[in-house]
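# Geometric and topological summary
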Amino acid sequence: MEKKKINIRVPPNLKTIRLDSLVPYSKNPRKIQKGVPLVIESMKSFGFNVPITINNLRDRVIIGGHTRYAAAKQMGMEMVPYIELNHLDDMDVRKYRLADNRVADESEWDKNLLRNELAELELNSKLDSEWWKKTGFDEKEIAQLLAGTLQEPKDDFKEVGSNLETSHRCPKCGYAW
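Here the structure is a predicted model, which means the values were calculated and not measured.

Another aspect to go through is unusual backbone geometry. Here Arg60, not a glycine, exhibits a phi torsion of approximately 60 degrees, which is positive. On the secondary structure map, Arg60 appears in the loop between β2 (52–54) and β3 (62–64).

Take a look at the structure:
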């Protein structure tokens, strides 16, 4: 059965390239599967606004945008926006690829501003009962955020103190410290 092609808007100021000419980085350590449906929903709603970055037009290896690549492939897109980062050498490409994925992990939400933004969206989206699907949050998360009951993941870090085990033993030689 052939995939149904979905027409996704691409800003006219971006250059495009054939999707099947791009080469995903084979050593990409980021697991992207959970993000693909969210990116598909975002692209359907807002368009393909963030280009895939590639190393150069000769090799066309993806630097950033593996999730967007997988989403575009799943939607049957033939052309995708791209930016060529040919000013980076191979080592800088590898470092940038990691940094590009890592920096988002260090960002946090301001819960009050997020709650206000979601409340305004909810208020102004009364005719669209599924407005929340376009935010990347699920319905339960939004309900908890709006109610102020979303719990942060528990921090299991133990402070140094009298109840923290500090003795160690080498499994080979038995040396203890």
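With that settled, the discussion passes to helix α5 (residues 139–147). A distance of 3.1 Å separates the backbone nitrogen of Lys140 from a side-chain oxygen at the start of α5, and that oxygen is part of Asp138. Residue Gly148 follows α5 closely and has a positive phi angle near 75 degrees.

Bringing helix α3 (residues 90–102) into the picture now. End to end, α3 covers 19 Å across 13 residues, agreeing with the expected 18 Å (1.5 Å per residue, within 8%). Sitting at the head of α3, Asp89 places a side-chain oxygen 3.1 Å from the backbone nitrogen of Met91.

Below, the discussion takes up the nonpolar core. Core analysis: the largest hydrophobic core is formed by 18 residues, its most contacted members being Leu22, Phe48, Ile52, Met75, Met77 and Val80. Where this core is concerned, the elements lending two or more residues are α1 (36–46), β2, α2 (66–74) and β4 (79–84). If near-sequence neighbours (up to four positions away) are discounted, Phe48 is found in contact with Ile8, Arg9, Val10, Pro11, Leu14, Met43, Arg68, Ala72, Met77, Val80 and Pro81. Among the nonpolar cores identified, the runner-up in size contains seven residues, and Leu118, Trp132, Phe137 and Ile142 belong to it.

Let us look at the packing of aromatic side chains. One pass over the full model with this rule turns up one aromatic pair. Judged by centre distance (5.4 Å) and plane angle (55 degrees), the ring pair of Trp109 and Phe137 falls under tilted. You can see Trp109 sitting in the loop between α3 and α4 (111–123) and its partner Phe137 sitting in the loop between α4 and α5, a full 28 residues away along the chain. The exposure class of Phe137 is buried, given its relative accessible area of 16%. Note that Arg97 overlies the ring of Tyr25, its terminal NZ or CZ placed 3.6 Å from the centroid.

Quick look at the pairing of β4 now. Pairing geometry for strand β1 (residues 16–18) and β4, over three bridges, is antiparallel. Within the sheet, the bridge partner assigned to Arg18 lies in β4 and is Met79. Judged from the three bridges that link them, β2 and β4 form a sheet pairing that is parallel. When the bridges of β4 are listed, Thr53 appears paired with Ile83.

Quick notes on the rules
All residue numbers refer to position in the chain's written sequence, counted from 1. At least 70 in pLDDT is required for a residue's local features to be given in this predicted model, at least 80 for side-chain atom pairs to be given and counted, and no such filter applies to totals for whole chains, interfaces and linings, which use all residues. The basis for every side-chain value is the complete set of heavy atoms in the structure, and neither hydrogens nor water enter the calculation. Secondary structure elements are taken from DSSP: a helix is a run of H or I of four residues or more, a strand is a run of E of two residues or more, and numbering for both begins at the N terminus. Under this definition, polar contacts are N or O atom pairs within 3.5 Å; protein pairs additionally need one hydrogen-donor-capable and one acceptor-capable atom, and for neighbouring residues in sequence, both atoms have to be side-chain atoms. Multiplying one less than the number of residues by 1.5 Å gives the expected span of a helix. Put simply, a nonpolar core is a bunch of buried Ala, Val, Leu, Ile, Met, Phe, Trp, Tyr and Cys residues held in one set by side-chain atoms that sit within 4.5 Å of each other. Exposure categories follow from relative accessible area, calculated using a 1.4 Å probe and restricted to protein chains: below 20% of the type maximum is buried, above 50% is exposed, and the middle band is partly exposed. Contacts are assigned to residue pairs with any non-hydrogen atoms lying within 4.5 Å of each other. Between rings of Phe, Tyr and Trp, where Trp is taken as its six-membered ring, a pair exists when centres lie within 6.5 Å; planes separated by under 30 degrees are stacked, by over 60 edge-to-face, and by other angles tilted. Geometrically, a charge over a ring is one whose NZ (Lys) or CZ (Arg) sits within 6 Å of the ring centre while staying within 35 degrees of the ring normal. Being paired, for any two strands, means DSSP has found at least two bridges between them.

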